[in-house]
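As a plain string of letters, each chain reads:
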Amino acid sequence: MQPILLNSCTRAATAEEARFRIDAPIPGRDGTRVIALDAAAATVVRRLAKRRHTATRLLAVAEDGVSADGSLSLREMDGRVSNLGSELVDADLIVMVASADADPVAAHLIADGCSSRGIMTTGVILEHGPPDGPALEALRPHARVLMVTHDDSDVAEVLSALRA
Amino acid sequence: MLKAEINELLTQTGPRTPMGELFREYWIPALLAEELPDDDCPPVRVKLLSERLIAFRDSQGRYGLIDEFCAHRGVSLWFGRNEESGLRCAYHGWKYDVTGACTEIPSEPDDSTFHCKVKLTSYPLVQIGDVLWTHMGDPTRRPPLPEFEFTMVAAEQTFISKRWQECNWLQALEGGIDSSHVSWLHSGGLKSDPLFKGAKGNEYNLKDRKPFFEVAEADGGLFIGARRNAEDDHYYWRITPWIMPSFTMVPPRGDHPIHGHFWIPIDDHNCWTYSFDYHPIRALTPAEVQAMRDGHGVHSANIPGTYRPVANKDNDYLMDREAQRRGETFSGVKGIAIQDASLQESMGPIVDRRKERLVTTDAGIIKARHKLRKAVLALRDHGTVPPGVDPAHHRVRSAAVVLPCERAFLDSSRDALRAIAGVPQATV
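This section reports on the structure supplied with the text. Just so you know, these numbers come straight off a predicted model, no measurement behind them.

**Some words on the overall build of chain A**
So, point 1. Helix and strand counts for chain A come out as seven helices and seven strands.
So, point 2. Along chain A, from the amino end to the carboxyl end, the secondary structure elements read α-α-β-α-β-β-β-α-β-α-β-α-β-α.
So, point 3. For chain A, whose C-alpha radius of gyration is 20 Å, the value lies well above the compact-globule estimate of 15 Å for 164 residues.
So, point 4. Principal-axis analysis of the C-alpha atoms gives chain A an extent of 70 × 35 × 35 Å.
So, point 5. Per-residue burial for chain A yields a buried fraction of 40% across its 164 residues.
So, point 6. Residue pairs at least 24 apart in sequence account for 65% of intrachain contacts in chain A once pairs closer than 6 positions are excluded.

Shown next, in the form of structure tokens:
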């Protein structure tokens, strides 16, 4: 006996059969945290906050946010203070957004925190100058996926594609 | 995840659709030169971007790509006679030249000029390498001819095949820029395929199944770098260029030829996969060419006389569960090309991207879709020439390199990613 009935792929892969695919609702991602690593990136994330209303938390590294004890202060887009430890509790994805002035220490702290908790890390580098600048150097060791782009709208595009 | 209207925007390529207009900005492969081997050989039916056309080679070796149907009564010119510098309709003898101009209407008086008022839509058809290329857009916007390296090297250094893929072009393309599937779906091929096996890079591929990815802008599209652990303090990088709209190259392995693909829409539910192999500095060996003809590497074994793979959706791609169990193939389907085709076709003719659960390792796909969408809208709204039209954008290569951890792949591989005649590929 053949392991698979002849022609079953022919039938199964038609547009007609696609209508019978289970159409269960797909929930959005609620474990995404977007963290801007510098002022220019924070401006992009702030703009995003005005347009997007999802469970994704949008944050920026606070001014002088890196403490001597290795903790990292963050700010929500409305100015409320937060910190890395509490943001990582329920997170499953951290999207670091950086421009040329990204703080490598902040990137390192975020990556360390994510690594110990099995949280995926991604970096979007808003590169308007020469490629392979300091931001890339800062994020490369710490982001499993890096997107280097001339297009600020890629941040929103990535989040939307991920349902975040 | 994509909204339904964006999925439609990117997948519909017929006349007057925004993505169709984008494709019509480029020179695209229309058919292989081998399909029109001789002057006055039989014409070939060609469907491209949802337009039905007929290709022929006239008595003087000129190529033509014209509307398939006679202007008179709508008869297919595939039944026509290709003779004396034109294609003559088998029904009433109307005759057309390679530009689609009607040169003769036998039923009209001898001195009639009526035939001068009859012209079928036609597109240029130009041989570069082993491919016949066409430009189906506005002639006033016609760009210079393409300069992809695989078409520029000597004939003995290059090989190309094509196969019918029974799904929309975009999901096929997305397979080409998704480096993360290689360590899984194609893992069997890395060990056994004559056009892949034996390379040092394969070991890195198989040892590290959780690559890091970097997606970077390129003039013509993107460079997608997949990074895996190599020896101490070094990474193994595989760098895939994507040139808009649908050209990708696979990073090389050892001294094997470099390969890549074009995905060209036939209509919205079918596309042609053109698969090429070339070596920048040496002739392909007879064994390599035979392996390609036999369907190894990125090629497929096709039903003789056709461009349909022997393993196709009618026979469940010759699924072999025993080979899967033995570990010879990961999916049970043999051959890299058909492994890809089987899964991409299984998504349905046009995958419903509203229902995806993408993850960040799909960043290359996310960015490519975004770039396509922006280019489509910029063309539609402002007439902006899209990336990848300029032949300078074609002169790229894929590369496989081992770099110290601290080195940036793009910075360290700029020369490797440039197609320079006579310079060997960067490979591991």
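**Here's the deal with the environment of B:Ser59**
All names here are of chain B.
So, point 1. Turning to its location among the elements, Ser 59 is positioned in the loop between strand E3 (51-57) and strand E4 (63-67).
So, point 2. Considered as a pair, Ser 59 and Arg 163 are 104 residues apart in the sequence and their alpha carbons are 28 Å apart.
So, point 3. Excluding residues that lie within four positions of it along the chain, Ser 59 makes contacts with Asp 39, Asp 40, Glu 84 and Ser 85.

**Overview of the sheet that holds strand E5 (residues 81-83) of chain B**
So, point 1. Pairing in this open sheet of four strands is antiparallel, and the strands run E5-E6-E7-E8 (chain B) from one edge to the other. Whereas interior strands pair on both sides, the edge strands pair on one side only; in this sheet they are E5 and strand E8 (102-104) of chain B.

**Some details on the interface of chain B and chain A**
So, point 1. Opposite the 31 residues of chain B that make contact, chain A presents 31 residues.
So, point 2. It is strand E13 (residues 212-217) of chain B that provides the largest number of residues to the side of chain B that touches chain A, a total of six residues.
So, point 3. When grouped by side-chain class, the residues that make up the side of chain B that touches chain A number 13 nonpolar, six polar and twelve charged.
So, point 4. With four bridges joining them, strand E7 (residues 145-149) of chain A and E13(B) adopt parallel strand pairing. By the bridge assignment, A:Leu146 is partnered in E13(B) with B:Glu214.

**Brief notes about helix H10 (residues 336-346) of chain B**
Residues and elements named next belong to chain B.
So, point 1. The element H10 is extensively covered by neighbouring structure, given that nine of its eleven residues are classed as buried.
So, point 2. Those residues of H10 not exposed but buried are Ile 336, Ala 337, Ile 338, Gln 339, Asp 340, Ala 341, Ser 342, Gln 344 and Glu 345.
So, point 3. Buried residues along H10 sit in contact with strand E12 (158-165), helix H4 (169-176), helix H5 (182-185), helix H6 (187-192) and strand E18 (270-278).
So, point 4. Just downstream of H10, Gly 348 is the residue with a positive phi angle, here 100 degrees.

**Quick word on the packing of helix H1 (residues 4-11) of chain B against helix H11 (residues 363-382) of chain B**
Residue and element names in this part refer to chain B.
So, point 1. For the pair H1 and H11, interaxial distance at closest approach is 10 Å and the crossing angle is 75 degrees. Considering their axes alone, H1 and H11 lie roughly perpendicular with respect to each other. Contacts between H1 and H11 involve Ile 6, Leu 9 and Leu 10 from the former and Arg 369, Leu 372, Arg 373 and Val 376 from the latter.
So, point 2. A class-by-class count of the residues in the contact of H1 with H11 yields five nonpolar, no polar and two charged.

**Here we look at the nonpolar core**
So, point 1. Within the largest apolar cluster, 156 residues are counted, with the highest numbers of intra-cluster contacts made by A:Ile35, A:Leu37, A:Met96, A:Val97, A:Ile110, A:Leu139 and B:Ala55.
So, point 2. If you tally residues by element for this core, the top one is H11(B), at seven residues.
So, point 3. Setting aside its immediate chain neighbours within four residues, A:Ile110 contacts A:Ile35, A:Leu72, A:Leu84, A:Ile94, A:Met96 and A:His142.

**Some remarks on unusual backbone geometry**
All names here are of chain B.
So, point 1. In this chain, Met 244 is followed by Pro 245 through a cis amide linkage whose omega measures 0 degrees.
So, point 2. Here Pro 245 lies in the loop between strand E15 (234-243) and strand E16 (247-250).
So, point 3. Phi is positive for Ser 85, which is not a glycine, with a value near 60 degrees.
So, point 4. With 15 C-beta atoms packed within 10 Å, Ser 85 lands in the partly exposed category.

Criteria and thresholds
- Residues numbered from 1 in each chain as written.
- Chains lettered and ligands numbered in written order.
- Predicted model: local features only at pLDDT ≥ 70, side-chain atom pairs only at ≥ 80, totals over all residues.
- Helix = DSSP H or I, 4+ residues; strand = E, 2+ residues; numbered from the N terminus.
- Rg over C-alpha atoms; globule rule 2.2 N^0.38 Å.
- Buried ≥ 20, exposed ≤ 12 C-beta atoms within 10 Å, placed from the backbone.
- Contact = placed C-beta atoms within 7 Å.
- Pairing = 2+ DSSP bridges.
- Nonpolar A, V, L, I, M, F, W, Y, C, P; charged D, E, K, R; others polar.
- Axes fitted to C-alpha atoms, helices over the stretch in contact; angles between N-to-C directions.
- Parallel < 35°, antiparallel > 145°, perpendicular 65-115°, else oblique.
- Core = buried A, V, L, I, M, F, W, Y, C linked by C-beta atoms within 7 Å.

Treat this as a map of the structure, not an account of what it does.
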